[in-house]
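Letter by letter, the chains look like this.
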Amino acid sequence: RGEITLGNFAEKLGVNASELIKKLFLKGQMLTINSVIDMTLAEELADDYDAMVEQEEVEEMAFGEKFNLESEDKESDLIERAPIITIMGHVDHGKTSLLDAIREANVADGEAGGITQKIGAYQIVKDGKKISFVDTPGHEAFTEMRARGAQVTDIAILVVAADDGVMPQTVEAIAHAKSADVPIIIAVNKIDKEGADPSRVKNELMEHGLVPVEWGGDVEFIEISAKFGQNLEGILDTILITAEMLELKGNPKKRAKGVVMESRLDPKVGPIADVLVQEGTLKIGDIIVAGESYGKVRALLNDKGEKTEAASLSQPAEVIGFNTVPEAGDVMYVVQNEQHARRIVEEVEKDRKLNDQNKKKHISLEVLSQHM
Ligand code: GTP
Ligand code: MG
């Protein structure tokens, strides 16, 4: 962990190491199978094979463990929690429209150029059951946001426009969902359109290992029209059935833990973080820490922008009270007091500085997806 050799890299890329060595040799670089390669070289090599290289984020995991912020749950404290569903897919395939139709709101219309540029999280109730949704952008520039979405999710909805079929960010989304090891439900969208060809979508997705249930596989394909609200029931029912099988549980009694999905500096209220609460219950007055930011929760807003006293399992909330703007992707923890929070932040800062210095040496790579 932390470094990658040419040999390991070749393996991840699915090519022979000698092929890469020869390639580099012809460019005047003498490397062996055991040579450690850096990000720039990895990207250069991957490019020749149409693969993508991503830097692995290892800090987040270590954070909670390092400061002993994780705790075991007593079985008796666990209750059912709402599934977190991330909507992914290629740009303009109708992710926000689907979520709008489900929420009966109109987010897509208000977006600049109709392109989603942030992650949005919302909760709805269907048949008395809560479902949390995370919308992600499909534009190619937002790989990191999609990866973040996939990390917090219990189930991925992959939206594929039936008139356009499988596109590059569709493939990328599959890779994210697979690396997060979550079930995928396919929403074949825009079936109202002329030229819509749902069976083509099935065939194309088969090539990526997603086999429809009716063809003997285990992936649900639901044909919908987000625009005309067609078959939303089908999507929601499939989500609830899939969620039920996952038996998702959480402990609402302990100190909260969540992920910062978005953050910004509001000129009037100061730093604001959109947090998806994963464990425990977040309350006003709680001492919070996320990355290099800490503070005391002054106000909480729900997904409708209303003030609320607390946010619990699987609930999205806007958190006001951080001293600085935390980074999207940071894990947020509630800790026992401000002193503790400050100590953690100091440590994290120190770590980051060290990391910055050692960046060259401490690079780790993950080949996320390979395009055909
Ligand atoms: P990004 O967030 O930018 O990746 O796009 P998106 O996937 O959220 O797509 P969005 O919901 O913004 O929809 C893109 C365009 O497709 C809009 O013009 C929608 O009106 C249209 N659209 C979405 N769903 C349907 C559908 O079921 N039928 C038809 N005909 N058009 C649709
Ligand atoms: Mg969108």
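Residues numbered from 1 in each chain as written. Chains lettered and ligands numbered in written order. Predicted model: local features only at pLDDT ≥ 70, side-chain atom pairs only at ≥ 80, totals over all residues. Heavy atoms only, no water.

In the annotation of an unreviewed UniProt entry, the protein chain is listed under the name Translation initiation factor IF-2 and assigned to Psychrilyobacter piezotolerans. Recorded under Sequence similarities (unreviewed entry), the UniProt text for the protein chain is reproduced unchanged: "Belongs to the TRAFAC class translation factor GTPase superfamily. Classic translation factor GTPase family. IF-2 subfamily." UniProt annotates the protein chain under Subcellular location (unreviewed entry) with the comment "Cytoplasm". (UniProt positions renumbered as here; feature names shortened; annotations may be inferred.)

A. Region of interest: the sheet that holds strand β7 (residues 184–189). With respect to topology, 6 strands assemble into an open sheet ordered β4-β5-β3-β6-β7-β8, the strand pairing being mixed. With one partner strand each, in any of the chains shown, β4 (120–126) and β8 (221–223) form the two edges of the open sheet. Ignoring which end each strand starts from, the neighbouring axes of this sheet average 25° apart. Strand direction decides the pairing type here: β7 and β8, joined by 3 bridges, are parallel. If you follow Val 188 over to β8, its bridge partner there is Glu 223. (Pairing = 2+ DSSP bridges. Helix = DSSP H or I, 4+ residues; strand = E, 2+ residues; numbered from the N terminus. Axes fitted to C-alpha atoms, helices over the stretch in contact; angles between N-to-C directions.)

B. How the structure looks around the confidence of the model for the protein chain. Across the protein chain, the average pLDDT comes to 88, with 90% of residues at or above 70. Within the model, the stretch residues 360–365 combines pLDDT values under 50 with 24 contacts to residues more than four positions away or in other chains. Across the predicted assembly, pTM comes out at 0.78 and ipTM at 0.99. (pLDDT = per-residue confidence, 0-100. Contact = heavy atoms within 4.5 Å.)

C. Spatial organisation of the pattern of salt bridges. Summed over all chains, the structure comprises 21 salt bridges. The shortest N-O distance in the salt bridge between Arg 81 and Asp 154 comes to 3.0 Å. With a gap of 73 residues between them, Arg 81 in the loop between β2 (79–80) and β3 (84–89) and Asp 154 in the loop between α6 (143–152) and β6 (155–161) connect regions that are remote in the sequence. Each member of the pair, Arg 81 together with Asp 154, is buried. (Salt bridge = Lys/Arg side-chain N within 4 Å of Asp/Glu carboxyl O. Buried < 20%, exposed > 50% of the residue type's maximum accessible area, 1.4 Å probe, protein only.)

D. Structural detail: the site of ligand 1. Residues in close proximity to ligand 1 total 20 residues, the closest being Lys 95, Ser 97, Thr 116, Gly 138 and Asp 192. With respect to ligand 1, the backbone of Gly 138 contributes an N or O atom lying 2.9 Å from an oxygen atom. Lys 190 is positioned with one of its side-chain polar atoms (N or O) 3.0 Å from an oxygen atom of ligand 1. Calculation on ligand 1 without its partners gives an accessible area of 650 Å², and the protein chains cover 84% of this total. (Near = heavy atom within 4 Å. Polar contact = N/O pair within 3.5 Å; in protein donor to acceptor, adjacent residues only side chain to side chain. Areas by Shrake-Rupley, 256 points an atom, 1.4 Å probe, with all protein chains shown as cover.)

E. Main features of the nonpolar core. If you look at the biggest cluster of nonpolar residues, it comprises 24 residues, and the most contacted ones within it are Leu 98, Ile 131, Phe 133, Ile 157 and Ile 239. For this core, the secondary structure elements donating two or more residues are β3, α5 (95–103), β4, β5 (129–135), β6, β7 and α9 (232–246). With 6 residues, the single largest contributor to this core is α9. Those residues in contact with Leu 98 that lie beyond four places of it in its chain are Ile 87, Ile 157, Val 159, Ala 187, Ile 224, Ala 226 and Leu 232. If you look at the next biggest cluster of nonpolar residues, it comprises 20 residues, including Val 166, Ile 174, Ile 184 and Val 188. (Core = buried A, V, L, I, M, F, W, Y, C linked by side-chain atoms within 4.5 Å.)

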